[in-house]
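# Structural overview for review
Each chain is listed here by its residues.
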Amino acid sequence: MEIQLPRGTRDILPNEIETWHFLENKFRSICETYRYSEIRTPIFEHTELFERGVGDSTDIVTKEMYTFQDKKGRSLTLRPEGTAPVVRSFVEHKMFGDVKQPVKLYYNGPMFRYERPQGGRQRQFTQMGIEAIGSDDPSIDAEVISLAMNFFRSIGLENISLIINSLGDKESRLKHREALIAHFEPQIDEFCSDCQARLYKNPLRILDCKTDHEHPLVKSAPSILDFLNEESKEYFAKVKGFLDVIGISYTVDPTLVRGLDYYNHTTFEIMSDEEGFGAKTTLCGGGRYHGLVQEFDGPDTPGIGFGMGVERVLLALEKAQVKIPAAKGLSCYVISAQEEADEKVVQLVNMLRDHGISAEKDYQKRKLKAQLKDADRKQAKYTVIIGEDEIRTGEYSLKNMATGEQFLVTETELITTLEEQAEGDE
Ligand code: ATP
Ligand code: MG
């Protein structure tokens, strides 16, 4: 049997990796600008972390987790999302005691969900995300959103829209919850079995159901915005005000919900508006949560963050035909004109690399002409041919492959020329 990739996974091949590096570098540099520090948590965690942290009425926990027992019979789960592990780590390392509050963290790594694979939906996918834990200042909400928006702008993705909503505080949500139950109860048998189970457990999730989202009752459901108390209204107004002053436009959509009990106040999604990329596709989802730190036995602490699907960002870039700046290419290909030059070629290539100059040679015993062709294929900016004459005189002929110009250079001049050229590229 030919062994192939597991369903829902992908190889990221060398010809795609430049784009990945580009996104990763941009994300890292933006996070640093906003003063978020990287955190790396394990790929697997105790299953209970996600049951408690993501919520046992969510699709993730009920259907999508990769859960297994280890050899001692412990139940472990490949992480389906980044927030619960980061908050666990925050509590475990007592970051709440740090004098620098809020604690601002970012992550980038693989997540695992057992879903039906399709465009932009995989079983192993990658999320880049941030969490700001320890402040309930509405300016942090605007900051988190602006970090995501700036990231999209910096990678050249213009065609996106930001949707925001407020779920209010606990009091507002409880009132809304009662209204939702009263709204759906009489006709709940018209809904899918998941929604029936959600009615008393977490009716907000009915609004987020993928099966029933066209049901007229979903569309006519009571809006959370009508249930916000004064404090929650004021909070939301401040978040919007801060977004306005930093020039970020948004649409308020009262149906945008996150089903978790912990979510409160601001929720948001950033969608790609590219045509032919689903109807509208969510690249990034986030929001404010309260109670998660406490759920993991830490002190009462508010948090906010987002998770961004990197594969979806790549699809959006492709649809938008955004050109990724090319990585630095091959600087110099050292060609051996005869066997006697082989040692000199090895030495020279090694010396160039020691100077941080990217260098290549032939490893397939190619003839001179074929080596030139190989240098061309590898898009070497320069070639240098080494034969007995060059070894004897200590002067090499350096050829600029773009212009065809050739110069006679010593070893020292070879290095300085290539170094100058590399600097010019930066
Ligand atoms: P969806 O409604 O598309 O299932 P979600 O609400 O489950 O998304 P979140 O848990 O908020 O998604 O994750 C944040 C982001 O991670 C999503 O907006 C998306 O870009 C990405 N994402 C989520 N699940 C997958 C997946 N299976 N494959 C690829 N990307 C994903
Ligand atoms: Mg999902």
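Reference entry: report on the structure contained in this document. (Residues numbered from 1 in each chain as written. Chains lettered and ligands numbered in written order. Predicted model: local features only at pLDDT ≥ 70, side-chain atom pairs only at ≥ 80, totals over all residues. Heavy atoms only, no water.)

The subject of this paragraph is the packing of aromatic side chains. Applying the stated criterion across every chain yields a total of 9 aromatic pairs. Look at Phe-27 and Phe-151: their rings are 5.6 Å apart centre to centre, the planes differ by 90°, and that puts the pair in the edge-to-face class. Note that Phe-27 is positioned in helix 1 (residues 14–33) and Phe-151 in helix 5 (residues 138–154), a separation of 124 residues in sequence. An identical accessibility class is assigned to Phe-27 and Phe-151; each is buried. Both rings, one in Phe-44 and one in Phe-68, keep their centres 6.2 Å apart while their planes meet at 75°; by these two values the pair is edge-to-face. Remark: Phe-68 occurs in strand 3 (residues 66–69) and Phe-44 occurs in strand 2 (residues 44–46); sequence separation between them is 24 residues. An aromatic cluster is built from Phe-27, Tyr-106, Phe-151 and Phe-152, whose rings are joined through pairwise contacts. (Phe/Tyr/Trp six-rings, centres within 6.5 Å; stacked < 30°, edge-to-face > 60°. Helix = DSSP H or I, 4+ residues; strand = E, 2+ residues; numbered from the N terminus. Buried < 20%, exposed > 50% of the residue type's maximum accessible area, 1.4 Å probe, protein only.)

Moving on to the site of ligand 1. Close contacts around ligand 1 come from 15 residues, with Arg-113, Glu-115, Arg-121, Gln-122 and Gln-127 the closest. A distance of 3.1 Å is found between an oxygen atom of ligand 1 and a backbone nitrogen or oxygen belonging to Leu-283. In isolation ligand 1 offers 580 Å² of accessible surface; the protein chains occlude 84% of this area. Elements represented by at least two residues in the shell around ligand 1 include exactly strand 6 (124–133), strand 10 (281–290) and strand 11 (302–309). Considered class by class, the residues forming the shell around ligand 1 number 3 nonpolar, 6 polar and 6 charged. (Near = heavy atom within 4 Å. Polar contact = N/O pair within 3.5 Å; in protein donor to acceptor, adjacent residues only side chain to side chain. Areas by Shrake-Rupley, 256 points an atom, 1.4 Å probe, with all protein chains shown as cover. Nonpolar A, V, L, I, M, F, W, Y, C, P; charged D, E, K, R; others polar.)

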